[in-house]
Amino acid sequence: MEASQPDVTVVASALKAFLRNLPDPLIPSELLPSILAVFTSSQKAEERQEKLRHTLTTGVPPLNFSVAEYFCRHLKRVSQFSDQNLMAADNLSIVVWPSFFRPDVNSLQTDIIADLRRVITFILQHMDGVFGPQSTPANQTDGDEPFYASVPALGNGDAQPSHPDDTGASYASVPVWSDRK
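Note on numbering: residues in each chain are counted from 1, in written sequence order. Reporting in this predicted model follows two pLDDT cut-offs: at least 70 for local features of residues, and 80 or more for side-chain atom pairs to be given and counted; totals over whole chains, interfaces and linings ignore these cut-offs and use all residues. The side-chain quantities take in all heavy atoms of the structure and omit both hydrogens and water.

(A) Examining the overall build of the chain more closely. Working definition: helices are DSSP H or I runs of at least four residues, strands are E runs of at least two. Numbering for both runs from the N terminus. When you go through the chain residue by residue, the secondary structure sums to eight helices and zero strands. Counting from the amino terminus, the chain carries its helices and strands in the arrangement α-α-α-α-α-α-α-α. Throughout, exposure labels follow a simple rule: accessible area from a 1.4 Å probe, protein chains only, divided by the maximum for the residue type, with under 20% read as buried, over 50% as exposed, and the rest as partly exposed. Burial statistics for the chain: of 181 residues in total, 38% are counted as buried. Two residues form a contact once any of their heavy atoms are found within 4.5 Å. Contacts in the chain between residues at least 24 apart in sequence constitute 66% of all its contacts with a sequence separation of at least 6.

(B) Inspection of the side chain of Ser 79 at higher detail. If you trace the backbone, Ser 79 turns up in helix α4 (residues 62-79). Judged by relative accessible area, Ser 79 falls into the buried class, the value being 12%. Beyond its immediate stretch of four places on either side in the chain, Ser 79 contacts Met 87, Ala 88, Ala 89 and Leu 92.

(C) Examining the confidence of the model for the chain more closely. With 69% of its residues at a pLDDT of 70 or more, the chain shows a mean pLDDT of 76. A residue's pLDDT is simply how confident the predictor is in it, with values from 0 to 100. Across the chain, the secondary-structure element scoring lowest on mean pLDDT is helix α1 (residues 8-20), at 88, and the one scoring highest is helix α3 (residues 45-59), at 94. Across residues 136-140, confidence stays below pLDDT 50; counting only partners more than four residues off in sequence or on other chains, it has six contacts. Note that residues 144-181 has pLDDT below 50 and, in this model, 71 contacts with residues that lie over four places away or in other chains.

(D) Just the packing of aromatic side chains, in detail. Working definition: rings of Phe, Tyr and Trp (its six-membered ring) pair if their centres are within 6.5 Å, and the pair is stacked with planes under 30 degrees apart, edge-to-face with planes over 60 apart, and tilted otherwise. For the structure shown, the criterion picks out four aromatic pairs. Both rings, one in Phe 39 and one in Phe 122, keep their centres 5.2 Å apart while their planes meet at 90 degrees; by these two values the pair is edge-to-face. Within this pair, whereas Phe 39 is found in helix α2 (residues 32-41), its partner Phe 122 is found in helix α7 (residues 110-125), the two being separated by 83 residues in sequence. Phe 122 matches Phe 39 in its accessibility class, with the two residues each being buried. Taking the centre distance of 5.5 Å and the plane angle of 20 degrees together, the rings of Phe 71 and Phe 100 count as stacked. Placement of Phe 71 in helix α4 and of Phe 100 in helix α6 (residues 89-100) is noted, with a sequence separation of 29 residues between them. The exposure classification of Phe 71 matches that of Phe 100, with both residues buried.

(E) Summary view of unusual backbone geometry. Despite not being glycine, Leu 86 shows a phi value in the positive range, around 60 degrees. Inspection of the secondary structure puts Leu 86 in the loop between α5 (82-85) and α6.

(F) Broad picture of the nonpolar core. Of all hydrophobic cores here, the largest spans 35 residues; its most connected members are Ile 27, Ile 35, Leu 52, Leu 56, Phe 100, Phe 101 and Leu 124. Elements represented by at least two residues in this core include exactly α2, α3, α4, α6, α7 and α8 (127-131). Among the buried residues, those of types Ala, Val, Leu, Ile, Met, Phe, Trp, Tyr and Cys that are joined through side-chain atoms within 4.5 Å form a nonpolar core.

See the structure below:
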């Protein structure tokens, strides 16, 4: 590894720690029953995608939704290189579910952990159905090779979040770190 390349495991650990130490989880705890109900009531993947998308877009704050979408799109890219990094969607879900959800620790059961892992695995495997199709970043042309094609564990940094606000507008042009007024 070159000195200018960051250690991917250090960056991943820092990101996971940051997300886990936020005052509130990316996905509000009060949505857990609704999210889990999607998987007990719906058998078809398309139906689950639609119900999960509705639950997330109506219940998750826009900034959290954008961060969750961006992070999931990055994880999806990482999983596409699972033959090299051994991080398929199901393995990633083991590591990252606590970055999205924080169930009540007092009632934490093995079953709910497995269920939350299945939710993350499903999202990573059905990204466009849950978050909508990703648009090509404005600064990337069709002929450009995306950054993550040459560096599997790092994203290209240009994912386009697509959470609609109450006017139907998109947050695609709003950087995750900006303060909306």
